[in-house]
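This is what each chain is made of:
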Amino acid sequence: MFDKKAYVDAQIEAHRDSYKREYEKSCVKFVQSLVERVGRVEVLLDMGCYNGLEAKFLCKVADRVVGIDLGEEYIKAAKDRRIPNFQPLVMDMHELLFEDESFDVVFANNIIEHSHSPRIVFQEIHRVLRPGGRLIYAIPPDKFRSEEVDFEGCDYHLWIADPIDIHKEISKWFDQYTVEVKKLPQLTLINSDWYMVMGEAIKD
Ligand SMILES: C[S@@+](CC[C@H](N)C(=O)[O-])C[C@H]1O[C@@H](n2cnc3c(N)ncnc32)[C@H](O)[C@@H]1O
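What you are looking at is a predicted structure, and each value in this text was computed from that prediction instead of being measured.

*Asks:* So what's going on with the overall build of the chain? Which residues, and what values?
*Replies:* A count of helices and strands for the chain gives six helices and eight strands. The buried share of the chain, taken over its 204 residues, is 36%. Pairs at least 24 apart in sequence give 62% of the contacts found in the chain among residues at least 6 apart.

Encoded structure:
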């Protein structure tokens, strides 16, 4: 049987030691390239907002940013940033406590791989997006990760996906979407080439 408490505890534990961290330079560039895809919108959901790392970028392109994360301590740290148009909330991405069609954009950077049921997550994202709204995502292709590359948090990825898996799950809910594989600059964190699957999906 699925043990929800064990799942939540493990996910929070995964990032506990570093929840005060800020991005290193190459990560900032990557996040900015993802944020650029947003354009200008009214309401954006930052799924897996952690300690509000990305909120400072997202709040410049959205009038209102709602952030969700499982970790109460991460949400507290996010609130401590006191970003005026940022509302961080403790919430599980599998059960979004929002009305249908609430958001122009769902921003999901390095979060869906932490899901125990990605199909439910994509369904929830689709439900909370307004018609014409977009999912902007980045998911590591862990199926391609070499044994030697082990970095903090990796063990807590439950969805070990490749681009075909990602394509399959997104296509259950969205007709229009992209699945792009990008090679990114080396990260000191993993001391290795870094690949990411990223893209967008539009709700009809
Ligand atoms: C790798 S961090 C990504 C944080 C941020 N988006 C980034 O890219 O830097 C993953 C975050 O997802 C959160 N998380 C894991 N499972 C979750 C779930 N089911 N619902 C909401 N947040 C979750 C963790 O607490 C953690 O803060």
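Read on, since the account is not over.
*Asks:* Residues and numbers for helix α6 (residues 163–171), please.
*Replies:* Regarding α6, the residues found buried are I166, E169 and I170. Buried positions in α6, seen along its axis, are confined to an arc of 95° and lie on one side of it.

*Asks:* Talk me through the site of the ligand; I want residue IDs and the actual numbers.
*Replies:* Around the ligand there are 20 residues in total, and Q11, G48, Y50, M93 and N110 lie nearest to it. Secondary structure elements with two or more residues in the shell around the ligand: α1 (4–16) and β2 (62–69). Taken together, the residues of the shell around the ligand break down into eight nonpolar, nine polar and three charged.

*Asks:* How would you summarise the nonpolar core if you had to cite specific residues and measurements?
*Replies:* Core analysis: the biggest nonpolar cluster contains 46 residues, and V106 and F107 have the highest contact counts within it. For F107, the contacting residues outside a window of four places in its chain are V38, L44, L45, D46, M47, L58 and I136.

*Asks:* Would you mind going over the pairing of strand β3 (residues 86–90) in detail, with residue names and values included?
*Replies:* The side chains of a regular strand alternate, first on one face of the sheet and then on the other. Summarising the sheet, β2 and β3 pair through five bridges and their orientation is parallel. Among the inter-strand pairings, V65 is bridged to a residue of β3, identified as F86. With respect to chirality, the unit in which β2 leads through helix α4 (residues 72–80) into the neighbouring parallel β3 is right-handed.

*Asks:* Which residues make up helix α5 (residues 118–128), and what are the values?
*Replies:* Every buried residue of α5 is listed here: P118, V121, F122, E124, I125 and V128. Taken around the axis of α5, the buried residues stretch over an arc of 160°, which confines them to a single face.

*Asks:* How would you sum up the environment of E200? Please name residues and give values.
*Replies:* As for its position among the elements, E200 is in strand β8 (residues 192–202). On the basis of neighbour count, E200 is assigned to the partly exposed category, with 19 C-beta atoms found within 10 Å. C-alpha separation for the pair E200 and V38, spaced 162 residues apart in sequence, amounts to 9.7 Å. Setting aside anything within four residues of it in sequence, one finds E200 in contact with R37, R134, L135, I136, Y177 and T178.

Conventions we followed
Residues numbered from 1 in each chain as written. Predicted model: local features only at pLDDT ≥ 70, side-chain atom pairs only at ≥ 80, totals over all residues. Helix = DSSP H or I, 4+ residues; strand = E, 2+ residues; numbered from the N terminus. Buried ≥ 20, exposed ≤ 12 C-beta atoms within 10 Å, placed from the backbone. Contact = placed C-beta atoms within 7 Å. Arc of directions from axis to C-beta. Near = placed C-beta within 6 Å. Nonpolar A, V, L, I, M, F, W, Y, C, P; charged D, E, K, R; others polar. Core = buried A, V, L, I, M, F, W, Y, C linked by C-beta atoms within 7 Å. Pairing = 2+ DSSP bridges. Right-handed = clockwise from strand over helix to strand, strands pointing away.

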